[in-house]
Amino acid sequence: MSMLRDDDATPNDLQRALLEYDPTTLETALIEWTKEHWPMAARAMVYNRAEADKTVEGVPGIRNDDARLALEVAARVAISERELLCRGIAAVLPQWLESTYGLTPKAKS
């Protein structure tokens, strides 16, 4: 049995809210900056070992070394992504605020 569509196929407000997404200029700038600087996150994974080890220390339910290693690697990735995003915000936000709202940093005294 084939079903014919009698209704208009144009998405309603709820469908547009759930299915369509138009990123802001700030989001686009942050995504582009982090794509250009992703090697920072890759390098940080090497240097964030101690923080990752401390983060997963004492986590219950780890049954073997492979599971612990997987958790430590996941923690390194998360820590590295956090640092990359912080650096991206610091690099992108001042210029975006200036171009969007005309806000400029105070002059250093």
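These numbers come from a predicted model, not from an experiment.

The next point concerns the overall build of the chain. Counting secondary structure elements, the chain contains five helices and zero strands. Taking 13 Å as the expected radius of gyration for a compact globule of 109 residues, we find that the chain reaches 22 Å, considerably beyond that expectation. The C-alpha extent of the chain, read off along each of the three principal axes, is 60 × 60 × 25 Å. Buried residues in the chain amount to 17% of all 109 residues. When contacts within the chain are restricted to residue pairs at least 6 apart in sequence, those whose partners lie at least 24 apart make up 70%. Accessible surface for the chain amounts to roughly 9200 Å². Of this, 58% is attributable to carbon and sulfur atoms. Side-chain charges of the chain comprise 13 positive and 18 negative groups, with the mean position of each set lying 10 Å from the other.

This paragraph deals with the side chain of Glu 83. Structurally, Glu 83 can be placed in helix α5 (residues 65-101). A polar side-chain atom of Glu 83 sits 3.5 Å from a polar atom in the side chain of Asn 48. What Glu 83 contacts, discounting residues up to four positions off in sequence, is Ala 44, Asn 48 and Glu 51.

Time to look at a nonpolar patch on the surface. Taken together, the side chains of Leu 14, Leu 18 and Leu 19 present a nonpolar region at the surface, about 380 Å² in accessible area. Mapped onto the fold, Leu 19 is located in helix α1 (residues 13-19).

Cut-offs applied
Residues numbered from 1 in each chain as written. Predicted model: local features only at pLDDT ≥ 70, side-chain atom pairs only at ≥ 80, totals over all residues. Heavy atoms only, no water. Helix = DSSP H or I, 4+ residues; strand = E, 2+ residues; numbered from the N terminus. Rg over C-alpha atoms; globule rule 2.2 N^0.38 Å. Buried < 20%, exposed > 50% of the residue type's maximum accessible area, 1.4 Å probe, protein only. Contact = heavy atoms within 4.5 Å. Areas by Shrake-Rupley, 256 points an atom, 1.4 Å probe, with all protein chains shown as cover. Lys, Arg positive; Asp, Glu negative; His and termini not counted. Charge placed at Lys NZ, Arg CZ, Asp CG, Glu CD. Polar contact = N/O pair within 3.5 Å; in protein donor to acceptor, adjacent residues only side chain to side chain. Patch = residues over 30% accessible without salt bridge, like charges linked within 9 Å, V, L, I, M, F, W, Y side chains within 5 Å. Salt bridge = Lys/Arg side-chain N within 4 Å of Asp/Glu carboxyl O.

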